[in-house]
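Geometric and topological summary
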Amino acid sequence: MKRYLFFITAIFFISLSFFSCTRTKVKQVDLSQIEEIRADNKWGVITSPYATYFEKPDDENETSMHGRKGDIIKILGKQIQIDGKNRIVWYKFENGWIQENDIAICTNHLQAKITAEKIMKE
């Protein structure tokens with residue numbers, strides 16, 4: 001009986017070691033969206049039909065261009081202006097400055113894409 005138990009145990013461990021060493025397929029991991037979820041950059045989505053880019057953070061400054069509703073733009077800077085009781089936040093983009101009431105702020109590019117899709121459906 002002990003020999004039989006020893007034989008069964010030996011076959012079990014030999015087969016276990018054989019099957020654990022067989023080659024398995026390596027699954028590929030899709031890393032294409034990692035760049036879109038990086039949190040080191042903030043993104044803005046234009047929420048108004050047309051937003052004005054100003055050359056400097058001031059309403060009375062020259063217009064550099066216009067953006068359209070749903071445009072996704074990378075935020076490069078931020079400036080807060082306090083005029084009496086009013087507080088105006090300006091965001092710097094590649095094309096100029098836009099006031100905070102014309103954009104939605106997102107923490108990553110993927111969130112900005114989702115926000116833009118929702119805004120365009122409204």
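Here we come to the pairing of strand β5 (residues 77-83). Here seven bridges tie β5 to strand β6 (residues 86-93), and the two strands are oriented antiparallel to one another. Of the residues in β6, the one forming a bridge with Ile80 is Val89. Two successive antiparallel strands, β5 and β6, enclose a turn made up of two residues, where Gly84 displays a positive phi of approximately 70 degrees.

In this section: a nonpolar patch on the surface. A contiguous nonpolar patch, built from Tyr4, Phe7, Ile8 and Ile11 and spanning about 430 Å² of accessible area, is present on the exposed surface. Mapped onto the secondary structure, Phe7 falls in helix α1 (residues 2-20).

With 10 residues, the main nonpolar core is built from Ile46, Ala51, Tyr53, Ile73, Ile75, Val89, Tyr91, Phe93, Ile98 and Ile103. Secondary structure elements with two or more residues in this core: β2 (50-54) and β6. Residue contributions to this core peak at three residues, all from β6. Beyond its immediate chain neighbours, meaning those up to four positions away, Ile75 contacts Lys42, Trp43, Gly44, Tyr91, Lys92, Phe93 and Ile105. Counting six residues, the second largest nonpolar core, distinct from the first, contains Val45, Ala112, Ala116 and Ile119.

Moving on, we come to the environment of Phe93. Note on placement: Phe93 falls in strand β6. Each C-alpha atom of the pair Phe93 and Leu76 lies 5.3 Å from the other, and the pair is 17 residues apart in sequence. Contact partners of Phe93, with chain neighbours within four places excluded, come to Gly44, Tyr53, Ile73, Lys74, Ile75, Leu76, Ile98 and Ile103.

Conventions we followed
Residues numbered from 1 in each chain as written. Predicted model: local features only at pLDDT ≥ 70, side-chain atom pairs only at ≥ 80, totals over all residues. Heavy atoms only, no water. Pairing = 2+ DSSP bridges. Helix = DSSP H or I, 4+ residues; strand = E, 2+ residues; numbered from the N terminus. Patch = residues over 30% accessible without salt bridge, like charges linked within 9 Å, V, L, I, M, F, W, Y side chains within 5 Å. Areas by Shrake-Rupley, 256 points an atom, 1.4 Å probe, with all protein chains shown as cover. Salt bridge = Lys/Arg side-chain N within 4 Å of Asp/Glu carboxyl O. Core = buried A, V, L, I, M, F, W, Y, C linked by side-chain atoms within 4.5 Å. Buried < 20%, exposed > 50% of the residue type's maximum accessible area, 1.4 Å probe, protein only. Contact = heavy atoms within 4.5 Å.

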